[in-house]
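# Descriptive analysis of the structure
Given next are the chains, with one letter for each unit.
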Amino acid sequence: MLVILDQTRLPAEEVELVCTDVPVLVEAIRSLAVRGAPLLGIAGAYGVALAAARGFDVDEAAESLAHARPTAVNLGYGVRRAAAAYHAAAKAGADAQGAAAAALAEARALHREDAEASERMAAHGLALLDELLPAGGYRLLTHCNTGALVSGGGGTALAVAAAVHRVGQLRRLWVDETRPLLQGARLTAYEAGRAGMAYTLLTDNAAGSLFAAGEVDAVLIGADRIAADGSVANKVGSYPLAVLARYHHVPFVVVAPTSTVDLGTADGASIEIEQRPSHEVTDITVPYAPAAGAQAGTGIPVAPLGTQAYNPAFDVTPPELVTALVTEAGVVSPVTGDGIAELCARSRSGNGMMSI
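Treat the numbers as computed from the prediction; the structure is a model and nothing was measured.

## Some words on the UniProt feature "binding site: substrate" (unreviewed entry) in the protein chain
- Feature annotation in UniProt assigns "binding site: substrate" (unreviewed entry) to the following positions: Arg-35, Gly-36, Ala-37, Arg-69, Gln-183, Asn-234 and Lys-235. Checked against the lining of the largest cavity, the annotated residues just named reduce to Arg-35, Gly-36, Ala-37, Arg-69, Gln-183, Asn-234 and Lys-235.
- Note that Arg-69 resides in the loop between helix H3 (58-66) and helix H4 (73-91).
- Dropping the residues within four chain positions of it, Arg-69 is found in contact with Ile-29, Leu-32, Arg-35, Leu-40, Leu-75, Lys-235, Glu-274, Arg-276, Ala-313 and Phe-314.
- Mapped onto the fold, Asn-234 is located in strand S8 (residues 232-235).

## Focus on the domain arrangement of the protein chain
- Taken as a whole, the protein chain is organised into domain 1 (2-113) and domain 2 (119-275 + 309-346).
- In this complex, domain 1 contributes 21 residues to the contact, which on the side of domain 2 involves 28 residues.
- Here domain 1 is connected to domain 2 by two salt bridges.
- Two residues, Arg-194 and Glu-14, come together in a salt bridge whose shortest N-O distance is 3.1 Å.
- Applying the counting criterion to the domain 1 and domain 2 interface returns 15 residue pairs in polar contact (both at pLDDT 80 or more).
- Of all the secondary structure elements, the ones that give two or more residues to the side of domain 1 that touches domain 2 are helix H2 (37-54) and H4.
- With four residues, H2 is the single largest residue contributor to the side of domain 1 that touches domain 2.
- Residues belonging to the side of domain 1 that touches domain 2 are distributed by class as follows: twelve nonpolar, six polar and three charged.

## Comments concerning the packing of H3 against H4
- The contact between H3 and H4 brings their axes to 9 Å, and the two run at 170 degrees. Between H3 and H4, the interaxial angle falls into the category roughly antiparallel. Taken together, the residues of H4 that come into contact with H3 (itself represented by Val-58, Asp-59, Ala-62, Leu-65 and Ala-66) are Leu-75, Gly-76, Val-79, Ala-83, Tyr-86 and His-87.
- In terms of residue class, the contact of H3 with H4 is built from eight nonpolar, two polar and one charged.

## Details of the pattern of salt bridges
- Throughout the structure, instances matching the rule amount to twelve salt bridges.
- Here Glu-106 ties to Arg-81 by a salt bridge, and the two come within 2.9 Å at their closest N and O atoms. Residue Glu-106 is located in helix H5 (residues 96-132), and its partner Arg-81 is located in helix H4; the two are separated by 25 residues in the primary sequence.
- Through salt bridges with shared partners, a single network forms among Arg-69, Glu-274, Arg-276 and Glu-280.

## Describing H3
- Within the sequence span of H3, burial applies to Val-58, Ala-61, Ala-62 and Leu-65. Buried residues of H3 fall within an arc of 100 degrees about the axis and therefore sit on the same side.
- The inward-facing, buried residues of H3 contact helix H1 (22-30), H2 and H4.
- A side-chain oxygen of the first residue of H3 lies 3.0 Å from the backbone nitrogen of Asp-59; this N-cap is Asp-57.

## Brief notes about the nonpolar core
- Counting residues in hydrophobic clusters, the biggest one holds 37 residues, and the most contacted among them are Ile-29, Val-34, Val-48 and Leu-65.
- Of the residues forming this core, the biggest block, ten residues, is contributed by H2.
- With near-sequence residues (within four places) excluded, Ile-29 lies in contact with Val-34, Leu-40, Leu-65, Ala-68, Arg-69 and Leu-75.

## Side note on the sheet that holds strand S13 (residues 314-317)
- Read across the sheet, four strands follow the order S10-S7-S8-S13 without closing on themselves; strand pairing throughout is mixed. With partners counted over all chains shown, the strands left at the sheet margins are strand S10 (261-262) and S13, one partner each.
- The sheet strands contacting helix H9 (residues 238-247) are S8 and S13, and the helix crosses S13 at an angle near 30 degrees.

## Digging into the environment of Ala-28
- One can find Ala-28 in helix H1.
- The spacing of Ala-28 and Ala-68 is 40 residues in sequence and 9.4 Å in space, taken between C-alpha atoms.
- Setting aside its immediate chain neighbours within four residues, Ala-28 contacts Ile-4, Leu-17, Cys-19, Ala-33 and Val-34.

Parameters and conventions
- Residues numbered from 1 in each chain as written.
- Predicted model: local features only at pLDDT ≥ 70, side-chain atom pairs only at ≥ 80, totals over all residues.
- Heavy atoms only, no water.
- UniProt positions renumbered as here; feature names shortened; annotations may be inferred.
- 1 Å grid on protein atoms, 1.4 Å probe; cavity = no way out; pocket = protein on both sides within 12 Å on 5 of 7 lines; lining within 4 Å.
- Helix = DSSP H or I, 4+ residues; strand = E, 2+ residues; numbered from the N terminus.
- Contact = heavy atoms within 4.5 Å.
- Domains from an automatic or database assignment.
- Salt bridge = Lys/Arg side-chain N within 4 Å of Asp/Glu carboxyl O.
- Polar contact = N/O pair within 3.5 Å; in protein donor to acceptor, adjacent residues only side chain to side chain.
- Nonpolar A, V, L, I, M, F, W, Y, C, P; charged D, E, K, R; others polar.
- Axes fitted to C-alpha atoms, helices over the stretch in contact; angles between N-to-C directions.
- Parallel < 35°, antiparallel > 145°, perpendicular 65-115°, else oblique.
- Buried < 20%, exposed > 50% of the residue type's maximum accessible area, 1.4 Å probe, protein only.
- Arc of directions from axis to C-beta.
- Core = buried A, V, L, I, M, F, W, Y, C linked by side-chain atoms within 4.5 Å.
- Pairing = 2+ DSSP bridges.

The following block contains the structure:
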């Protein structure tokens, strides 16, 4: 079985969700009980190992897992790695138990690699901020949730903010609430508070007033898929922040592992954007604390019955609006297709790159 922290129950409750088979894990992924690009890759790899250990059809399980959420490229990456390890072991003569063990070992290796990548991204991001903003005392704006809850380690963008906090240079972490599912309000605020960061929550549409008041020194976000040209798909609401940052001459920094780069996707227009159900917008979901007249796990309508909602999970920021891409292999700035390709090539060869 695979045991995960149910993120839909945070911050009120820390509840473990036990996944005894792949369909349960797929539903956990779709419901966002487990979420965040790097963690989805890890969960997908463990899911393949779970299917193998339970004697289920590994290829069928891998197909189901890989398509549970279409935009996050790490999910398919983790699934393919574990499935490849399983098939390689079987081809080499391993029995079912041995092949399952190979898939589990690959999932654990991916888990370790992600934790190590988090540490390197935090270090590269801290160095980048020191160069871009030598005065220190950073006021950082973040969107969605990019900390330990999305990773096998400290996370991506929030790992950089945590590194800034540890060296005493974080004046304020501005936390977008991140509608409609409030990952910022529920999850980033939860992580920031536990880490002792000075943070303030704001509604997404209040970000412009912060920029206008000169209260933001840099924007840090994660990514769910980065195309070959450097276009970045991230939680919806990221693109407007990039536009605001460019207008106000504020660095807009994307922090993501190289496994989030998809060289097979040519540009931003080619990225498949997940469309979420309308009820996430038309209702306020009550996952853990029943309100008057509502049961836990249901929604309270806030729009007239029958209202249709436009609810993309992600939007795409073009590379010209991205100041820098921070990865475990180094930093790319400016963000170009050639720079992305060189970064990935050096990452595969084990050599880091810093190009500022």
